[in-house]
Amino acid sequence: MSGALRAALRLGAWAARGRPGQRHLSEAAEGGGADGGGGGSGSREAVERLVREHPVVVFMKGSPAQPLCGFSNAVVQILRLHGVEDYRAHDVLQDPELRQGIKNYSNWPTIPQVYLNGEFVGGCDILLQMHQNGDLVEELKKLGIRSALLDAEKDQEKK
């Protein structure tokens, strides 16, 4: 995928997502339905709180310790390569309302989904592309996270 196409996809997904809400996500939502109007786990408000609860948030199938699909596993491995251990992961297989709600929120049809500082980045393919072309190092730097790959490069240069 070309850099321009990837950027267009990211921009399109971001624009389609709409204006972010003003509420902070200190508490989990209860009740309501998945239609985006109530306070249930799939509501826009509940998803917004989850997306904004931490600088790095991943909606995946399974958990980082036990991903249940290859794409979710690839996202976990990419984050590990960069030394990102402190992130929030949400298993959409445990909550069908959340699974549909996150897709509605991002206007992106697949899982996993990665958010950096509350902004939708994309799924496995886009994160892999960002890893390969160095964009992920730069995006992590904006969050105050130093990629472990930078330290690995320094170690290689010393040898």
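The following refers to the structure shown. Keep in mind it's a predicted model, so treat the numbers as computed, not measured.

Comments concerning the pairing of strand S2 (residues 88-91)
Then, number 1: Pairing geometry for strand S1 (residues 56-60) and S2, over four bridges, is parallel. If you follow Val57 over to S2, its bridge partner there is Arg88.
Then, number 2: Crossover handedness for the path S1 to helix H3 (residues 70-81) to S2: right-handed.

Overview of the pattern of salt bridges
Then, number 1: Inspection of every chain in the model, using the stated rule, returns five salt bridges.
Then, number 2: A salt bridge links Glu138 to Lys141; the shortest N-O distance between them is 3.8 Å. On the criterion of helical spacing, the pair formed by Glu138 and Lys141 is a turn pair, its members being three residues apart in helix H6 (residues 135-142).
Then, number 3: Judged by relative accessible area, which is 39%, Glu138 ranks as partly exposed.

Regarding H6
Then, number 1: Listed in full, the buried residues belonging to H6 are Leu136, Val137 and Leu140. The buried side chains of H6 occupy one side of the element, clustering within an arc of 105° when seen end-on.
Then, number 2: The first or second residue beyond H6 is Gly144, which carries a positive phi of 80°.

So, the side chain of Ser147
Then, number 1: Among the secondary structure elements, Ser147 is positioned in the loop between H6 and helix H7 (148-158).
Then, number 2: By relative accessible area, Ser147 is classed as buried at 0%.
Then, number 3: A polar atom in the side chain of Ser147 sits 2.7 Å from the side chain of His82.
Then, number 4: Not counting residues up to four positions away in its chain, the partners in contact with Ser147 are His82 and Val137.

A few points about the nonpolar core
Then, number 1: Counting 32 residues, the largest nonpolar core has Phe59, Ile102 and Tyr115 as its most contacted members.
Then, number 2: For this core, the secondary structure elements donating two or more residues are helix H2 (44-51), S1, H3, helix H4 (96-106), strand S3 (113-116), strand S4 (119-122), helix H5 (124-133) and H6.
Then, number 3: Among the elements that make up this core, the one with the highest residue count is S1 (five residues).
Then, number 4: Residue contacts for Ile102: discarding those within four places in its chain leaves Val47, Val51, Phe59, Val92, Ile111, Gln113 and Tyr115.

Here we look at the pairing of S4
Then, number 1: Across three bridges, the pairing between S3 and S4 is antiparallel. Across the sheet, residue Leu116 finds its bridge partner in S4, namely Glu119.
Then, number 2: Where S3 folds back onto S4 in an antiparallel hairpin, the turn is made up of two residues, including Asn117, whose phi is positive at roughly 55°.

Some words on the sheet that holds S3
In a beta sheet, neighbouring strands are held together by backbone hydrogen bonds and run either parallel or antiparallel to one another.
Then, number 1: In spatial order, the strands read S2-S1-S3-S4; together these four strands make up an open sheet with mixed pairing. Edge positions in the sheet fall to S2 and S4, since each of these pairs with one other strand and no more. For this sheet, the mean inter-axis angle between neighbouring strands, taken without regard to orientation, is 25°.
Then, number 2: Here S1 runs beside S3; their pairing, made up of four bridges, is antiparallel. Within the sheet, the bridge partner assigned to Val57 lies in S3 and is Tyr115.

Here we look at the packing of H2 against H4
Then, number 1: Closest axis-to-axis distance for the H2/H4 pair is 9 Å, and the angle between their directions is 80°. Relative to H4, the element H2 is oriented roughly perpendicular. Contact residues: H2 offers Arg44, Val47, Glu48, Leu50 and Val51, while H4 offers Leu98, Gly101, Ile102 and Tyr105.
Then, number 2: Tallied by class, the residues present in the contact of H2 with H4 amount to six nonpolar, one polar and two charged.

Conventions adopted
- Residues numbered from 1 in each chain as written.
- Predicted model: local features only at pLDDT ≥ 70, side-chain atom pairs only at ≥ 80, totals over all residues.
- Heavy atoms only, no water.
- Pairing = 2+ DSSP bridges.
- Helix = DSSP H or I, 4+ residues; strand = E, 2+ residues; numbered from the N terminus.
- Right-handed = clockwise from strand over helix to strand, strands pointing away.
- Salt bridge = Lys/Arg side-chain N within 4 Å of Asp/Glu carboxyl O.
- Buried < 20%, exposed > 50% of the residue type's maximum accessible area, 1.4 Å probe, protein only.
- Arc of directions from axis to C-beta.
- Polar contact = N/O pair within 3.5 Å; in protein donor to acceptor, adjacent residues only side chain to side chain.
- Contact = heavy atoms within 4.5 Å.
- Core = buried A, V, L, I, M, F, W, Y, C linked by side-chain atoms within 4.5 Å.
- Axes fitted to C-alpha atoms, helices over the stretch in contact; angles between N-to-C directions.
- Parallel < 35°, antiparallel > 145°, perpendicular 65-115°, else oblique.
- Nonpolar A, V, L, I, M, F, W, Y, C, P; charged D, E, K, R; others polar.

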